[in-house]
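A structural walkthrough
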Amino acid sequence: MVRRLGGEGDLLKRRLREQGWYEIWEEDVERGYAKMNEELSLGVELVLRYNWDDCDYENMTVMEAKFYTGDVYGVPCEDDFCLLKEVPDRYYSEVVLSLSRAIE
């Protein structure tokens, strides 16, 4: 999933936070947001790309959304990510709806 947002990066970040997403980052890697469902022990990581040092929201891009398992808060490891077929339909739908609302 790749979506360029033009100058709406601040709006996207605010909408994600309003829907329970929290910011994650790791040194020298893209930053993004994550949302965890503790009941299912599943989370989703949303990778955003833009120049964070310059707050270059004009060129923000939503690169991907990746699901992961476990009780992970922060940046998940590669071993934590799961296949889409392992994600319950309802949770997948909730995440897609949340992203659609944030991006629109």
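Remember, it's a predicted structure, so these values are computed and weren't measured experimentally. (Residues numbered from 1 in each chain as written. Predicted model: local features only at pLDDT ≥ 70, side-chain atom pairs only at ≥ 80, totals over all residues. Heavy atoms only, no water.)

Here helix α2 (residues 89-103) spans 21 Å end to end across 15 residues, near enough to the 21 Å set by a 1.5 Å rise per residue. Within α2 the residues assigned to the buried category are Y91, V95, S98, L99, A102 and I103. Buried residues of α2, seen end-on, are gathered within an arc of 125 degrees and therefore sit on one face of the element. Those residues of α2 that are exposed and angled more than 90 degrees off the buried face are D89 and R90. (Helix = DSSP H or I, 4+ residues; strand = E, 2+ residues; numbered from the N terminus. Expected span 1.5 Å × (residues − 1). Buried < 20%, exposed > 50% of the residue type's maximum accessible area, 1.4 Å probe, protein only. Arc of directions from axis to C-beta.)

Together, L84, Y92 and V96 line one region of the surface with nonpolar side chains, adding up to about 250 Å² of accessible area. Along the chain, V96 falls in helix α2. Judged by its relative accessible area of 34%, V96 is partly exposed. (Patch = residues over 30% accessible without salt bridge, like charges linked within 9 Å, V, L, I, M, F, W, Y side chains within 5 Å. Areas by Shrake-Rupley, 256 points an atom, 1.4 Å probe, with all protein chains shown as cover. Salt bridge = Lys/Arg side-chain N within 4 Å of Asp/Glu carboxyl O.)

Now for unusual backbone geometry. For S41, which is not glycine, the phi torsion reads 55 degrees and is therefore positive. Structurally, S41 is set in the loop between β3 (31-37) and β4 (42-49).

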